[in-house]
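Descriptive structure summary
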Amino acid sequence: MSFNTLEGGITCPFCKSEILSGIGFRLGKIAGSRYKIGDQLDWEGGDCRPKRRPSVSTIKTIGYFNCDNVTCYSWKDCYPDVQLALITVEDNVITGVELYKGKEPKKQFAILEPASLKSQ
Ligand SMILES: [Zn+2]
């Protein structure tokens with residue numbers, strides 16, 4: 001499954017290292033694009049999720065990351081735990097990312113807001 005990557009904006013909750021490898025998420029054109037906080041999402045051509053740019057102003061979606069620090073507590077048996085982040089997009093600009101502390105959604109890369117996009 002392909003995805004985009006958000007670089008920066010979050011630190012590991014266990015060891016406080018900055019997450020350098022980025023946070024994978026699926027919103028906008030899915031093209032392996034790399035974004036930073038403050039960037040606009042691209043919707044031009046290609047495979048978009050959802051198919052059309054939504055008219056709502058605020059979107060919140062789950063992203064996934066792992067800690068890059070191999071001595072971190074989140075690494076077990078040579079593999080890092082996958083951790084969840086919540087990415088906020090406002091008026092098509094990525095405005096924030098935080099640790100997601102809620103129950104893990106069953107659907108991967110879930111869109112939590114708006115409710116009308118939950119089935120995407
Ligand atoms: Zn860590």
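Relevant structure appears above.
No experiment lies behind these values; they were computed from the predicted model shown.

1. Regarding the overall build of the protein chain
From N to C terminus, the protein chain includes zero helices and eleven strands. For the protein chain, the sequential pattern of α-helices and β-strands runs β-β-β-β-β-β-β-β-β-β-β. Relative to the globule expectation of 14 Å for 120 residues, the C-alpha radius of gyration of the protein chain, 14 Å, shows essentially globular dimensions. Based on the C-alpha atoms only, the size of the protein chain along its principal axes is roughly 45 × 25 × 25 Å. Looking at the protein chain as a whole, 43% of its 120 residues qualify as buried. At a minimum sequence separation of 6, the contacts of the protein chain that also span at least 24 residues come to 58%. For the protein chain, the accessible surface area stands at approximately 6,900 Å², while carbon and sulfur atoms represent 50% of it. For the protein chain, the separation between the mean place of its 16 positive charges and that of its 14 negative charges on side chains is 7 Å.

2. Considerations on the packing of aromatic side chains
Under the counting rule described, the total for this entry stands at four aromatic pairs. Each residue in the set Phe3, Tyr64 and Phe109 is aromatic and connected to the rest through ring pairs, giving one cluster. Geometry around Tyr73 places Lys76 over its ring, the cationic atom sitting 5.2 Å from the centre.

3. Thoughts on the coordination of the zinc ion
For the zinc ion, the protein coordination sphere consists of Cys12 (SG), Cys15 (SG), Cys67 (SG) and Cys72 (SG), at 2.2 to 2.3 Å. The coordination sphere of the zinc ion comprises four donor atoms, whose angles at the metal cover 101 to 115°; the geometry is tetrahedral. Each donor residue of the zinc ion lies on one chain, and together they are spaced C-x2-C-x51-C-x4-C. Taken together, the residues Cys12 in the loop between strand 1 (4-7) and strand 2 (23-25) and Cys67 in the loop between strand 6 (58-65) and strand 7 (75-76) connect sequence positions 55 residues apart. By relative accessible area, which is 0% here, Cys12 ends up buried.

4. Focus: the environment of Ala110
Here Ala110 lies in the loop between strand 10 (93-99) and strand 11 (111-113). Residue Ala110 is classed as buried on the basis of its relative accessible area of 6%. Along the sequence, Ala110 and Val89 sit 21 residues apart, while their C-alpha atoms lie 14 Å from each other. With near-sequence residues (within four places) excluded, Ala110 lies in contact with Arg49, Lys60, Thr61, Ile62 and Pro105.

5. Notes on the nonpolar core
Core analysis: the biggest nonpolar cluster contains 22 residues, and Leu6, Ile23, Phe25, Leu41, Ile87 and Ile94 have the highest contact counts within it. Contributing elements (two or more residues each) for this core: strand 2, strand 6, strand 9 (83-90) and strand 10. Ranked by the residues each element gives to this core, the list is headed by strand 9, at three residues. Setting aside chain neighbours within four positions, we find Leu41 in contact with Phe25, Leu27, Tyr35, Val89, Asn92 and Ile94. With six residues, the next largest nonpolar core counts Tyr64, Leu86, Phe109 and Ala110 among its residues.

Reading guide: rules and limits
Residues numbered from 1 in each chain as written. Predicted model: local features only at pLDDT ≥ 70, side-chain atom pairs only at ≥ 80, totals over all residues. Heavy atoms only, no water. Helix = DSSP H or I, 4+ residues; strand = E, 2+ residues; numbered from the N terminus. Rg over C-alpha atoms; globule rule 2.2 N^0.38 Å. Buried < 20%, exposed > 50% of the residue type's maximum accessible area, 1.4 Å probe, protein only. Contact = heavy atoms within 4.5 Å. Areas by Shrake-Rupley, 256 points an atom, 1.4 Å probe, with all protein chains shown as cover. Lys, Arg positive; Asp, Glu negative; His and termini not counted. Charge placed at Lys NZ, Arg CZ, Asp CG, Glu CD. Phe/Tyr/Trp six-rings, centres within 6.5 Å; stacked < 30°, edge-to-face > 60°. Lys NZ or Arg CZ within 6 Å of the ring centre and 35° of its normal. Donors = N, O, S within 2.8 Å, 3.2 Å for Na, K, Ca; no water. Tetrahedral: all angles 85-135°; square planar, octahedral: opposite > 155°, others 65-115°. Core = buried A, V, L, I, M, F, W, Y, C linked by side-chain atoms within 4.5 Å.

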